[in-house]
Amino acid sequence: MKLSVRFAGVTALAALLATACAPQTSSNSSAGEDEKTGTLRVWLFQEVGNAPKQKVVDSVVADFEKAHKGTEVKVEYIPIDTRAQRVKAAFNDPGSAPDVMEYGNTDTAGYVKDGGLLDVTEEFGDWSEAKDTDPTAKQSVTVEGKVYGAPFYVGVRALYYRTDVFEELGLAVPKTMAELATTARKIRAARPDLYGLVVGGAYTYGAMPFVWANGGELASGKGGSYASGIDSPEAQKGIEEYTSLFGDDNCPAAKCAGMGGNDTVSAFAAGKAGMAIGGDFSHTAVEAGKVKGRYAVVPLPGVKPGSIAPAFAGGNNIGVLKSTSHRTLAIDLMEQLASKKTQAELFAAMGFLPTFTDVRQQAAAKEPFVKPFVQTLSAGTKFVPASPAWAQIDSSLVLPTMFQQIISGKKDVPAASEDAATKMNTAFGSAG
């Protein structure tokens, strides 16, 4: 997820709601209704620096309303961090639910299991632009061969660094994870007003490259059967590397333990850090900050010199809720929001990487900043287990809790990772 990426801490309430009863749905839309006029409600995610996104969406909405007389579209931007409880409530109370919503690609399987998303397999197949969708992006809206939305953008993370600070201190861009940590501490020592590498205890997808680069995995298995791998020796080594960055010599635990992805990007954009792990989707926010013109981006280095750490294949989708009483209109709006034209405009406005291969190629040719993210995609990415249990694991803060237990000194890496593995396996088992 901008999650969008883009996944910060979720309130404790989310953990409770993640285990709430799934709604009982008896048809593929609300009472079989398909109204051709009326109000369509849309939920989209609130970004760091949301104005450019809203401008693009407003244009789509204006065109849609013009083409569909008697139709009004109301868009609400919701916080990513608290999406779990909002969506659960919507699934359980169709009267409060939107017709169309943006959702993280890690949430697909869970939302389908909950009966919240509309099966749009036929319409997606008939959509002329769908043929150019990146296969990986299409997979992110597919569960057991059926399609439950349209890919909105793909997101990967890389290493943002301050060119002026590196020049001032005579530092070389790190080529390995070990050099990354050493460089971060050099920055902090020379410039105590800065975090070396700003990290977050609630920044799951900023932490996972450390696990993956060391050979660890979140889980192994497929279909309905997964087993956690977060407590393996390889995963523990990566966890140790990441959590060792929380200290007064880099990013003090008191300030950084609670940070999520958006918090770390905001800190970097505000000129408070020498380096940060940010997404292609973070570009606009950084450009709008104090570091404009004084930063560059490279792929996050792996363990071996010259290698690239595996990044989470994040991104968001646009889906239609099963409870909609405006099926045809909602699907049409979904396609307009996820269209090639809109994705090209969102790339220009926000830096979101398009999910259409041809549009992405055009974007990369126009903007140099795309290169490190395309390199990261090409080097190989990772995804979360394709299990409905992942939504529960994510919203219950299993991994952030693990990181924070270690950072605070309450548990060591083996104990905290074993505890997290137990929680993950319980969730996998309950998902069936």
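Attention in this report is confined to the structure presented alongside it. (Residues numbered from 1 in each chain as written. Predicted model: local features only at pLDDT ≥ 70, side-chain atom pairs only at ≥ 80, totals over all residues. Heavy atoms only, no water.)

Turning to the overall build of the protein, a few remarks are in order. Regarding its fold elements, the protein presents 20 helices and 15 strands. Its C-alpha atoms give the protein principal-axis dimensions of roughly 65 × 45 × 35 Å. Residues classed as buried in the protein amount to 58% of the 432 residues present. On the protein, roughly 16,600 Å² of surface is accessible, and the fraction owed to carbon and sulfur atoms is 53%. Side chains of the protein give 42 positive and 47 negative charges; the mean places of these two sets differ by 4 Å. (Helix = DSSP H or I, 4+ residues; strand = E, 2+ residues; numbered from the N terminus. Buried < 20%, exposed > 50% of the residue type's maximum accessible area, 1.4 Å probe, protein only. Areas by Shrake-Rupley, 256 points an atom, 1.4 Å probe, with all protein chains shown as cover. Lys, Arg positive; Asp, Glu negative; His and termini not counted. Charge placed at Lys NZ, Arg CZ, Asp CG, Glu CD.)

Let's shift gears to the sheet that holds strand S3 (residues 100–104). With respect to topology, 5 strands assemble into an open sheet ordered S2-S1-S3-S14-S6, the strand pairing being mixed. With partners counted over all chains shown, the strands left at the sheet margins are strand S2 (71–78) and strand S6 (150–155), one partner each. Put simply, the sheet's adjacent strands are angled 20 degrees from each other on average, direction ignored. Pairing between S3 and strand S14 (residues 314–320): 5 bridges, direction antiparallel. Paired with Met101 across the bridge in S14 is Gly319. Across the face of the sheet, helix H2 (residues 51–67) comes into contact with strand S1 (38–45), S2, S3 and S6 while running at roughly 165 degrees to S2. (Pairing = 2+ DSSP bridges. Axes fitted to C-alpha atoms, helices over the stretch in contact; angles between N-to-C directions. Contact = heavy atoms within 4.5 Å.)

This part takes up the packing of helix H10 (residues 233–243) against helix H20 (residues 413–431). Two elements in contact, H10 and H20, have axes whose closest approach is 10 Å; the angle formed by their N-to-C orientations is 115 degrees. With respect to the hand of their crossing, H10 and H20 are arranged in right-handed fashion. On H20, the residues touching Gln236, Ile239, Glu240 and Thr243 of H10 are Val413, Pro414 and Ser417. Residue composition of the contact of H10 with H20, grouped by class: 3 nonpolar, 3 polar and 1 charged. (Left-handed = near helix turned anticlockwise from the far one by under 90°. Nonpolar A, V, L, I, M, F, W, Y, C, P; charged D, E, K, R; others polar.)

Okay, the pairing of strand S12 (residues 295–298) next. The side-chain alternation of S12 yields one buried face, formed by Tyr295 and Val297, and one unburied face, formed by Ala296 and Val298. The pairing of strand S7 (residues 157–162) with S12 spans 4 bridges and is antiparallel. Residue pairing for S12: Tyr161 is matched across the bridge by Ala296.

Here we have 4 strands laid out as an open sheet, ordered S8-S11-S7-S12, and mixed in their pairing. Single-partner strands in this sheet number two, and they are strand S8 (195–198) and S12. Between one strand and the next, the sheet's axes are offset by a mean angle of 20 degrees, whatever the strand orientation. Its contacts with the sheet place helix H8 (residues 177–190) against S7, S8 and strand S11 (273–279), and it is angled at close to 140 degrees to S8.

Tallied over the entire structure, the rule returns 19 aromatic pairs. Residues Phe91 and Tyr111 carry aromatic rings whose centres are separated by 5.3 Å and whose planes lie at 85 degrees to one another, so their mutual orientation is edge-to-face. Here Phe91, found in helix H3 (residues 83–92), pairs with Tyr111, found in helix H4 (residues 108–113); they are 20 residues apart in sequence, far enough to count as distant. Assigned by exposure class, Phe91 and Tyr111 land together as buried. Their ring planes at 20 degrees and their centres at 4.2 Å tell us that Tyr153 and Phe352 sit as a pair that is stacked. (Phe/Tyr/Trp six-rings, centres within 6.5 Å; stacked < 30°, edge-to-face > 60°.)

Moving on: the pattern of salt bridges. A full pass over the atoms with the stated rule returns 22 salt bridges. Between Glu102 and Lys53 there is a salt bridge; the shortest N-O distance is 2.8 Å. Residue Glu102 is located in strand S3, and its partner Lys53 is located in helix H2; the two are separated by 49 residues in the primary sequence. Take Glu102 and Lys53: they sit in the same class, and that class is buried. Note that Lys88 and Asp114 form a salt bridge whose closest N and O atoms lie 2.5 Å from each other. Placement of the pair is Lys88 in helix H3 and Asp114 in the loop between H4 and helix H5 (121–126), with a sequence separation of 26 residues. Exposure class is identical for Lys88 and Asp114. Each is buried. Within the structure, one salt-bridge network assembled from shared partners comprises Lys131, Asp132, Lys340 and Asp358. (Salt bridge = Lys/Arg side-chain N within 4 Å of Asp/Glu carboxyl O.)

In short, geometric facts, not functional conclusions.
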